[in-house]
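Notes for the structure review
Next come the chains, spelled out residue by residue.
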Amino acid sequence: MFFCFTFGIEQFKRKSGHNVWHCPNCQAKDVYLVKGNKCFTFCFIPLIPCGSTKSLYECQTCGWVNIQQPNF
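Below or above, wherever it landed, is the structure these notes cover.

Reading the values: the criteria
The numbers attached to residues start from 1 for each chain and follow its sequence in the written order. Under the rules for a predicted model, residues below a pLDDT of 70 receive no local features and side-chain atom pairs below 80 are neither given nor counted, while totals for whole chains, interfaces and linings still include all residues. Based on all heavy atoms of the structure, the side-chain values leave hydrogens and waters out of the count. For the purposes of this entry, the term helix denotes a DSSP run of H or I that reaches at least four residues, the term strand denotes a run of E that reaches at least two, and both are numbered from the N terminus. Only protein chains enter the accessibility calculation, which uses a 1.4 Å probe; a residue is then buried when its area is under 20% of its type maximum, exposed when over 50%, and partly exposed in between. Paired strands are those between which DSSP finds at least two bridges.

**Points about unusual backbone geometry**
Positive phi outside glycine occurs at Gln27, with the angle close to 65 degrees. Tracing the backbone through its elements, the reader meets Gln27 in the loop between β1 (7–15) and β2 (31–42). When its relative accessible area of 52% is taken as the criterion, Gln27 is described as exposed. The phi angle at Cys43 is positive, at roughly 55 degrees, despite the residue not being glycine.

**Digging into the sheet that holds β2**
Read across the open sheet, the four strands follow the order β1-β2-β3-β4; overall the sheet is antiparallel. Strand pairing shows two members of the sheet lacking a second neighbour, β1 and β4 (65–66), which therefore form its edges. Bridge analysis of β1 against β2 gives nine bridges, and the strand direction is antiparallel. Bridging from a neighbouring strand, Lys13 pairs with Gly36 of β2.

Purely geometric stuff here, so don't read any function into it on its own.
Rendered as structure tokens:
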């Protein structure tokens, strides 16, 4: 019998909060506060967080990413 197990480190992102801003790049009202961190995964299941959580502002339309809150 042969079993194949996969493991590694992946970046996981999740939306945080309900505020929405205008994107300075594409002008869409689609910028959200996204929190992400790297996790050790086993069989594609996140088990152990590795490192600190990072907060970013990301546009879901064009992919614009910034550390600071947009002015709009």
